[in-house]
Amino acid sequence: MFRTLRIAVLLFILATVAVGAWRSHAQATDWKDSIHVTIYPIAADASAASRQIVAQLRPDDFAAVGEWLQEEVLRHGNPVLRPVALNLAPPVEALPPPYPQGGNSLSVAWWSLQLRLWAWRHDGAPGPRPQIRLFVLYHDPALSPVLEHSVGLEKGKIGIIKVFASRSEHQRNLVIVAHELLHTLGASDKYDRATNQPIFPDGYAEPEHQPRHPQHLAEIMAGRVPVSENQALIPDSLADTRIGPATAREIGLGAPR
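Just so it is clear, the structure is predicted and the values come from calculations on it, not from any experiment.

Concerning the overall build of the protein
No. 1: Scanning the protein for helices and strands turns up 6 helices and 9 strands.
No. 2: Residues classed as buried in the protein amount to 44% of the 257 residues present.
No. 3: In the protein, the proportion of contacts linking residues at least 24 apart, taken out of those at least 6 apart, comes to 67%.
No. 4: When the accessible area of the protein is evaluated, it comes to approximately 13900 Å², of which 58% is carbon and sulfur surface.

Description of unusual backbone geometry
No. 1: Here the amide bond leading from F200 into P201 is cis, since omega sits at 5 degrees, within 30 degrees of zero.
No. 2: Tracing the backbone shows P201 in the loop between α5 (170-184) and β6 (218-219).
No. 3: Following Q210, the chain continues to P211 via a peptide bond in cis, the omega torsion being -5 degrees.
No. 4: By the element assignment, P211 lies in the loop between α5 and β6.
No. 5: In this structure, K157 takes a positive phi of about 55 degrees despite not being glycine.
No. 6: Tracing the backbone shows K157 in the loop between β4 (151-153) and β5 (158-164).
No. 7: In this structure, N196 takes a positive phi of about 65 degrees despite not being glycine.
No. 8: Turning to its location among the elements, N196 is positioned in the loop between α5 and β6.

Description of helix α4 (residues 105-121)
No. 1: Relative to the 24 Å expected for 17 residues at 1.5 Å per residue, α4 spans 24 Å between its end C-alpha atoms, a close match to the ideal helical length.
No. 2: For α4, the set of buried residues is W111, S112, L115, W118 and A119. Mapping the buried residues of α4 onto a view down its axis gives an arc of 130 degrees, with all of them on the same face. In α4, the exposed positions angled more than 90 degrees off the buried face are occupied by L106, W110, L113, W120 and R121.
No. 3: Elements that come into contact with the buried residues of α4 comprise β1 (35-43), β3 (132-139), β4 and β5.

Quick notes on the pattern of salt bridges
No. 1: What the rule picks out here adds up to 9 salt bridges.
No. 2: Residues E93 and R51 are paired through a salt bridge, measuring 3.6 Å at the closest nitrogen-oxygen approach. With E93 in the loop between β2 (84-88) and α4 and R51 in helix α2 (residues 48-56), this residue pair connects regions lying 42 residues apart in the sequence.
No. 3: Judged by relative accessible area, which is 66%, E93 ranks as exposed.
No. 4: Residue E148 is joined to K162 by a salt bridge in which the shortest nitrogen-to-oxygen separation is 2.9 Å. With E148 in the loop between β3 and β4 and K162 in strand β5, the pair connects residues that are 14 residues apart, well separated along the chain.
No. 5: Take K162: its relative accessible area is 16%, and that puts it in the buried class.

Here is what the cut-offs are and how they apply
- Residues numbered from 1 in each chain as written.
- Predicted model: local features only at pLDDT ≥ 70, side-chain atom pairs only at ≥ 80, totals over all residues.
- Heavy atoms only, no water.
- Helix = DSSP H or I, 4+ residues; strand = E, 2+ residues; numbered from the N terminus.
- Buried < 20%, exposed > 50% of the residue type's maximum accessible area, 1.4 Å probe, protein only.
- Contact = heavy atoms within 4.5 Å.
- Areas by Shrake-Rupley, 256 points an atom, 1.4 Å probe, with all protein chains shown as cover.
- Expected span 1.5 Å × (residues − 1).
- Arc of directions from axis to C-beta.
- Salt bridge = Lys/Arg side-chain N within 4 Å of Asp/Glu carboxyl O.

Coordinates in, geometry out; function isn't part of it.
The following block contains the structure:
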């Protein structure tokens, strides 16, 4: 009897969590109201450069993400005037649990649960409770010239975003922020993980362009501008990116105007 009751309670909790996640996702992708997004900056190393960049961050530093998304949402036929309401939290002094590189599905699932608990413990930002939480880890390029991949989780609506602590990289950092933000809304990657080349046609911002190469824009979930069959360039800013039709469908947007 006790075992049956315990199972019933666990099933009820799981069902409640699942329904809550479904409602959260449905509300975030109906594009009728603003999505509340909070950005949590983190100095990912002990470098003075990283800590200085994090200390100097202001909400306006991320405004371009909201402006870009507003333009793209409108271009895809949705009239909401403010798709995201961005809030900048005070710096977080702890690092998230590391992603299990090369791990199996069980270890990734365990990591996801640990991450959600960690995010809940460090969610002390003032203002409205966010629907999406983006933890942006700043790395000194002198110490980390190459960064591991960032992660955006649709379940849990959490992003772990790794960027360079450099003002010269700020605009490119925002491209990564936007990319991971769309992951939390259900967008998938559209590049070949072995080569980092955008996948045609979904990874092309202008797949109908003739000749096909060079392209002049990057599809945001491909992350690069394909300039030839075997070469693609990292965009300099969000102005060089677009939300393509496949990504738009994944996040609930209509046909572009």
